[in-house]
Amino acid sequence: MQECSQCARKTPDRSCVDCDYFMSPGPLRRKPPMPIGISLVAADGKRYAGRILVLNTMELGLETQAPVPGQYRIYLKQHLSLDVAGVPTKGKGDIHLFDIIAVYRGEETASRLGNEEYRLLTGSTGDFIEQVSKLVPAHLQDLVKERLLAELESSEIFNAMRLGKVMRYEKGRFRHLTGQADLELPLPAIENLMRQAIHRGTHCREVIVSDDGKRIFDLHGIPLDSRSGGLLAFDLTEIIEKERQMRCQEMQAYREAMAAVTNGRLQLLTSEEMVAVLSQGNELARGVVNKAADIALARSKLCSLLPAAFSARTYGMALSLTEALTNTLKHATGGEWVVRQTDEAIRVIIQDQGQGIKIKDLPKAALMRHYSTQNSLGCGFTLMLYYADKVYLTTGSRGTTLVLDFHQSAGEEICSPAS
Amino acid sequence: MLAISVTKGDYGRCLNLKGELDMETLATLERAAEVQEGEGQLEINLAGVSFIDSTGLRGLLEIQRRWSMKGGKVRVINPCPEIAEVFRLVGMEELLDCSDQSKATGGEY
């Protein structure tokens with residue numbers, strides 16, 4: 001019960017910070033790299049200095065002369081403050097355990113420290129801020145610290161921060177300050193960036209690829225005076241690779257989903273697959289569309305060369321071609337069309353060099369009877385998917401290729417024997 | 001191409017369309033409808049229309065909405081079977097007057 005008072009008597013030199021009775025052990029219990037200096041403000045406005053020696057998300061181990069028991073507010077940074085209450089039964093000497101009663105972030109209140117706050121206090125980024133702010137003139141240091149802390153609140157930067165380094169540039173040489181010492185940066189690129197920053201007197205930024213092509217760095221050159229400055233380097237490789245993988249997976253999921261939702265009628269193809277599709281069969285006609293009047297021309301050309309077997313499907317084919325070509329005028333600067341004949345089908349190909357179709361809009365367009373004036377794809381896709389037997393699609397930032405297949409057998413009437 | 005002739009019937013003024021209604025020709029229809037605004041009821045006769053696409057359909061819907069907001073009424077009549085099907089596919093069949101009998105026009109494109 002009174003372990004702390006006993007300990008104070010018997011083993012006064014034993015550290016509270018490492019004691020499991022003082023603060024329960026656990027993965028979230030951490031010592032900041034350096035004790036964090038703070039102020040505790042009492043209800044009556046009286047201020048006491050303190051240092052955070054150990055913490056978890058709900059408790060702080062503080063060295064302070066503020067009276068315990070007592071409730072205090074701690075202002076950690078601009079929009080982050082805590083209400084804490086000293087626990088009289090824990091601690092000895094000037095070291096006391098404080099419960100975190102409330103965490104105020106801007107307008108929100110929480111009952112414990114969140115991830116970002118926790119990492120800010122326990123991680124080496126605090127260090128980082130100190131180091132970076134040493135690069136700037138004394139009168140700007142607090143401002144820079146403030147700004148950097150505000151930026152770091154967003155977790156993307158937090159993640160990036162774990163892979164990076166800070167260097168001081170002076171008299172043409174770089175000196176490692178903090179961060180990953182073994183992070184290898186291409187010297188010509190960073191020298192160039194620093195010189196640029198110093199010459200312009202302003203922060204310069206560049207994203208570069210390492211010489212072996214394997215890593216991507218986000219570099220920031222900060223000038224200090226006419227001959228020196230600081231360099232921040234973030235290694236973005238993992239982040240970018242992760243994003244690429246996620247996009248690939250997303251694309252794959254869409255391919256499968258679109259095929260399933262449309263019963264295999266709509267297939268998203270890779271560029272390689274599309275190349276194969278485009279080269280099948282023989283060309284019957286082609287044309288270009290730059291304005292609305294060209295679409296009617298395309299229609300009449302298509303209809304003029306359709307074999308008799310397709311006569312019942314003429315309207316649908318003309319409409320599908322029209323919808324696709326109208327889209328090229330609406331979302332690109334026009335497009336090209338080609339009609340080919342394969343063994344199985346009449347194939348209508350429409351290509352443009354617009355900005356591509358957003359894949360996430362496709363599922364809506366693939367549903368039958370969907371019509372919305374808000375949907376930029378309109379109902380063109382709904383119609384194409386209805387009339388065509390197969391639709392192949394490749395789309396991206398460099399343009400869109402749409403292939404509409406009209407199968408011969410589907411067009412013929414099948415006479416069923418009288419039952 | 002789209003040609004429009006105006007006649008007067010029991011319902012009101014009637015715009016008789018002949019040709020194709022798409023992105024290129026929609027403006028022609030819009031102007032013709034605008035001229036008739038204030039007439040109360042308008043009929044749009046598609047008997048002579050050989051082709052209509054989603055742009056044309058949307059245009060018809062817009063005209064009907066605009067008239068509706070001003071207390072008027074627009075009805076669309078005589079689509080050929082293929083065109084009636086397109087109305088159905090995009091969920092706009094209410095735009096077609098239900099008493100209308102679709103008459104094939106021998107579609108020419």
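Residues numbered from 1 in each chain as written. Chains lettered and ligands numbered in written order. Predicted model: local features only at pLDDT ≥ 70, side-chain atom pairs only at ≥ 80, totals over all residues.

Caption draft 1: Representation of the interface of chain B and chain A in the model. Each partner contributes residues to the interface: chain B has 16 residues there, and chain A has 22 residues. For the side of chain B that touches chain A, the elements supplying multiple residues, two or more each, are helix 2 (54–69) and helix 3 (81–89) of chain B. It is helix 3 of chain B that provides the largest number of residues to the side of chain B that touches chain A, a total of three residues. In terms of residue class, the side of chain B that touches chain A is built from seven nonpolar, four polar and five charged. (Contact = placed C-beta atoms within 7 Å. Helix = DSSP H or I, 4+ residues; strand = E, 2+ residues; numbered from the N terminus. Nonpolar A, V, L, I, M, F, W, Y, C, P; charged D, E, K, R; others polar.)

Caption draft 2: Structural view of the packing of helix 9 (residues 292–304) of chain A against helix 10 (residues 314–331) of chain A. Residue and element names in this part refer to chain A. Direction vectors running N to C along helix 9 and helix 10 enclose 150°, while the axes themselves pass 9 Å from each other. When the interaxial angle is binned, helix 9 and helix 10 end up roughly antiparallel. Where helix 9 crosses over helix 10, the handedness of that crossing is right-handed. Residues Ala292, Ile295, Ala298, Arg299, Leu302 and Cys303 of helix 9 lie in contact with helix 10, whose contacting residues are Thr314, Met317, Ala318, Leu321, Thr322, Leu325, Thr326 and Leu329. Classifying every residue of the contact of helix 9 with helix 10 by side-chain character gives ten nonpolar, three polar and one charged. (Axes fitted to C-alpha atoms, helices over the stretch in contact; angles between N-to-C directions. Parallel < 35°, antiparallel > 145°, perpendicular 65-115°, else oblique. Left-handed = near helix turned anticlockwise from the far one by under 90°.)

Caption draft 3: Local environment of the environment of A:Thr57. All names here are of chain A. Of note, Thr57 is situated in the loop between strand 2 (47–55) and strand 3 (59–64). Linking Thr57 and Arg30, residues 27 residues apart in sequence, is a C-alpha distance of 9.6 Å. When near neighbours in sequence (up to four residues on either side) are disregarded, Thr57 contacts Leu28, Arg112, Leu113 and Tyr118.

Caption draft 4: Structural view of the sheet that holds strand 17 (residues 390–396) of chain A. All names here are of chain A. Read across the open sheet, the six strands follow the order 13-17-18-16-15-14; overall the sheet is mixed. This sheet does not close on itself; its edge strands, each paired only once, are strand 13 (266–268) and strand 14 (282–289). Between one strand and the next, the sheet's axes are offset by a mean angle of 15°, whatever the strand orientation. Relative to strand 16 (residues 345–352), strand 15 (residues 335–341) runs antiparallel, the two being bridged by seven bridges. The residue of strand 16 that forms the bridge with Arg340 is Arg347. The sheet strands contacting helix 8 (residues 271–279) are strand 16, strand 17 and strand 18 (399–407), and the helix crosses strand 17 at an angle near 135°. (Pairing = 2+ DSSP bridges.)

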